[in-house]
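Summary of the model geometry
Next come the chains, spelled out residue by residue.
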Amino acid sequence: MKIQTKAVHAGDRKKAGSFIPVTTPIYTASSYSYGDMTELDRVFAREQAGPAYARYDNPTNAALEELAGELEGGHGALACSSGMAAIHISMLAALADRRKSVVAANAMYGATVSLLMSILEPSGVAVHWVDICDLEAVKKALEEHRPGAVLMETVSNPLLRVGAIDRIAEMTKAAGAALIVDNTFSTPMLVRPLELGANIAVHSATKYLAGHGDVLGGLAVTDEEHYEPLRGFSRIYGPVLGPFEAYMTMRGIKTFALRMERQCKNACQVASWLASHPGVERVYFPADPSHPDRQTIQRLLPEGLYGAMVSFELKDAGQGEVFTWMDRLKLVVRATSLGDVHTMVLYPSMSSHREISPKQRERMGIRDNLIRISVGIEAAEDILADLEQAFG
Ligand SMILES: Cc1ncc(COP(=O)(O)O)c(C=O)c1O
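Residues numbered from 1 in each chain as written. Predicted model: local features only at pLDDT ≥ 70, side-chain atom pairs only at ≥ 80, totals over all residues. Heavy atoms only, no water.

**Topic: the overall build of the protein**
In terms of regular secondary structure, the protein is built from 15 helices and 12 strands. The C-alpha atoms of the protein give a radius of gyration of 21 Å, which matches the 21 Å a tight globule of 392 residues would have. In terms of principal-axis extent, the alpha carbons of the protein reach across some 75 × 50 × 35 Å. Taken across its 392 residues, the protein has 55% of its residues classed as buried. If you take every contact in the protein between residues at least 6 apart in sequence, the share linking residues at least 24 apart comes to 73%. Accessible surface for the protein amounts to roughly 16800 Å². Of this, 52% is attributable to carbon and sulfur atoms. Across the protein, 39 positive and 46 negative side-chain charges occur, with their mean positions spaced 0 Å apart. (Helix = DSSP H or I, 4+ residues; strand = E, 2+ residues; numbered from the N terminus. Rg over C-alpha atoms; globule rule 2.2 N^0.38 Å. Buried < 20%, exposed > 50% of the residue type's maximum accessible area, 1.4 Å probe, protein only. Contact = heavy atoms within 4.5 Å. Areas by Shrake-Rupley, 256 points an atom, 1.4 Å probe, with all protein chains shown as cover. Lys, Arg positive; Asp, Glu negative; His and termini not counted. Charge placed at Lys NZ, Arg CZ, Asp CG, Glu CD.)

Laid out in structure tokens, this is it:
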């Protein structure tokens, strides 16, 4: 089945007695009883399928996990309480039987950088930063540091660099390491990292998958090797998604393919409009013919589906001018997220990359005149009219 069909049908409509609910109910029970102790014992031993305790399993989450596994082409999935929880538990599962060393892309979401620097590094994991779009540098880092895992984003936040997941997966596999890819910006509509050789694909489901700005959630979709370690850790650590959020995420996913197509189309229009505006110094967008990762983009992203994130630098501007420009917006929402149905703007230096020092931000290429737009599903002309009037 095509991704548009899977998004609507996979995981749902499990038989419950003689009837089949058309959407999976929200199971709020924290524990489950069975006919007798022998049966309950079999469930605990995982010899019989079924939920026992909400930290281990939940039927609503199970439906979402089946859906996510289908979309990403994985062996199985874990629904987590946030994207950050999904990244953290994926790192723990990948490093469980490997060297406690990570090669990480030096261009990633700020909290992911903080997770590595403030939590994993102090707990004994060596972290080595690399330009993930420089394959020679990745090869060298793998040889030099022999890491247990490599962590990268499909399309990086916020400068939209696109790493060659397929080539990196080959090298990572040969080095005996696990490849974890944060697929939040691209979604399985554009790229399916596991099909390109990655071991775990993670998502902030808060973003495009749920899509309506009303859920915080994460997903980790794994290959066969990492599925049991991931779930085993989760049973102890408990970073699981609540059943209401699982329901909301599934509801959102049903329309994600439609939304994504529309948002990608709108983003192409916004990016080319910004590129020709005299008030704009530079636009970052994967469709740009002079994009530094052009070859990878042409190989990995489907024609016309370049994602719906556009970043740009406001000409001759510092924080003051950026704030004025953002304050003038009437339709576009000033808020710190992405992937919602409405168009949003964010100032990376203040929000997504706030915890990163100014020096490190500069090294990452995040300048003080950089604005990130998450393009929504509105009529493109209304988005452009709002941006236009903000230039004054
Ligand atoms: C690329 C990326 N990964 C992960 C996250 C973290 O997701 P969450 O806020 O759901 O924990 C974010 C949040 O903005 C993100 O942009």
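**Side note on the packing of helix 4 (residues 83–95) against helix 9 (residues 224–237)**
Axes are the key here: two packed helices are described by the angle between their axes and the distance separating the axes. Remark: helix 4 packs on helix 9, axes separated minimally by 9 Å, with the N-to-C direction vectors making an angle of 120 degrees. Of the possible angle classes, the one that applies to helix 4 and helix 9 is oblique. Considering only the axes of helix 4 and helix 9, their crossing is right-handed. Here His88, Ile89, Ser90, Leu92, Ala93 and Ala94 of helix 4 lie close against helix 9, whose contacting residues are His226, Pro229, Leu230, Phe233, Ser234 and Tyr237. Looking at the contact of helix 4 with helix 9, its residues break down into 8 nonpolar, 4 polar and no charged. (Axes fitted to C-alpha atoms, helices over the stretch in contact; angles between N-to-C directions. Parallel < 35°, antiparallel > 145°, perpendicular 65-115°, else oblique. Left-handed = near helix turned anticlockwise from the far one by under 90°. Nonpolar A, V, L, I, M, F, W, Y, C, P; charged D, E, K, R; others polar.)

**Re the site of the ligand**
Around the ligand sit 16 residues in total, of which Gly83, Asp182, Ser204, Thr206 and Lys207 are the nearest. Asp182 places a polar side-chain atom, nitrogen or oxygen, 2.6 Å from a nitrogen atom of the ligand. Within the side chain of Lys207, an N or O atom sits 3.0 Å from an oxygen atom of the ligand. Protein contact buries 90% of the 390 Å² of open area that the ligand shows by itself. It is helix 4 that provides the largest number of residues to the shell around the ligand, a total of 3 residues. Of the residues assigned to the shell around the ligand, the class counts are 6 nonpolar, 7 polar and 3 charged. (Near = heavy atom within 4 Å. Polar contact = N/O pair within 3.5 Å; in protein donor to acceptor, adjacent residues only side chain to side chain.)

**A word on unusual backbone geometry**
In this model, Asn157 is joined to Pro158 through a cis peptide bond whose omega is 5 degrees. Along the chain, Pro158 turns up in the loop between strand 4 (149–153) and helix 7 (165–174). Notably, Thr187 is not glycine yet its phi reads approximately 60 degrees, a positive angle.

**Quick notes on the pattern of salt bridges**
Going through the model one piece at a time under the given rule, you end up with 14 salt bridges. Across the salt bridge formed by Glu66 and Lys14, the nearest N and O atoms sit 2.9 Å from each other. Of the two residues, Glu66 sits in helix 3 (residues 59–72) while Lys14 sits in the loop between helix 1 (3–9) and helix 2 (37–44), which places them 52 residues apart along the sequence. Taking the shortest distance from any N to any O, the salt bridge between Glu281 and Arg367 comes out at 3.1 Å. (Salt bridge = Lys/Arg side-chain N within 4 Å of Asp/Glu carboxyl O.)

**Describing the packing of aromatic side chains**
Tallied over the entire structure, the rule returns 6 aromatic pairs. Summarising the aromatic geometry, the rings of Phe312 and Trp325 are spaced 5.3 Å apart at their centres and angled 70 degrees between planes, so their arrangement reads as edge-to-face. Of this pair, Phe312 sits in strand 9 (residues 309–314) while Trp325 sits in helix 13 (residues 319–328), and the two are 13 residues apart along the sequence. Since its relative accessible area comes to 0%, Phe312 is described here as buried. (Phe/Tyr/Trp six-rings, centres within 6.5 Å; stacked < 30°, edge-to-face > 60°.)

**Some words on the nonpolar core**
One finds Leu274, Phe312, Trp325 and Leu387 to be the most contacted residues of the largest nonpolar core, which totals 116 residues. The element best represented in this core is helix 11 (residues 256–275), accounting for 9 residues. Those residues in contact with Leu274 that sit more than four places away from it in its chain are Val280, Val283, Val310, Phe312, Ile373 and Phe391. (Core = buried A, V, L, I, M, F, W, Y, C linked by side-chain atoms within 4.5 Å.)

**What to know about the sheet that holds strand 10 (residues 333–334)**
Hydrogen bonds along the backbone pair up the strands of a sheet, which may run parallel or antiparallel. Spatially, 8-9-12-11-10 is the arrangement adopted by the 5 strands of the open sheet, whose pairing is mixed. The sheet terminates laterally at strand 8 (280–284) and strand 10, the two strands that pair on one side only. Examined bridge by bridge, strand 9 and strand 12 (residues 370–374) share 5 bridges and lie antiparallel to one another. Looking at strand 12, one finds that Val310 is bridged to Ile373. Running at roughly 130 degrees to strand 9, helix 13 makes contact with strand 9, strand 10, strand 11 (344–346) and strand 12 of the sheet. (Pairing = 2+ DSSP bridges.)

**A few points about the sheet that holds strand 5 (residues 178–182)**
One open sheet accounts for 7 strands, arranged 1-7-6-5-4-2-3; its pairing is mixed. Either end of the sheet is taken by a strand with one partner, and the two such strands are strand 1 (76–80) and strand 3 (126–130). On average, each strand axis in the sheet is tilted by 20 degrees relative to the strand beside it, whichever way the strands run. Sheet analysis places strand 1 next to strand 7 (residues 218–222), joined by 5 bridges and oriented antiparallel. Opposite Gly76, over in strand 7, you have Thr222 as the bridge partner. In this fold helix 9 packs onto strand 1, strand 5, strand 6 (200–204) and strand 7, with an angle of close to 30 degrees to the strand it touches most, strand 1.

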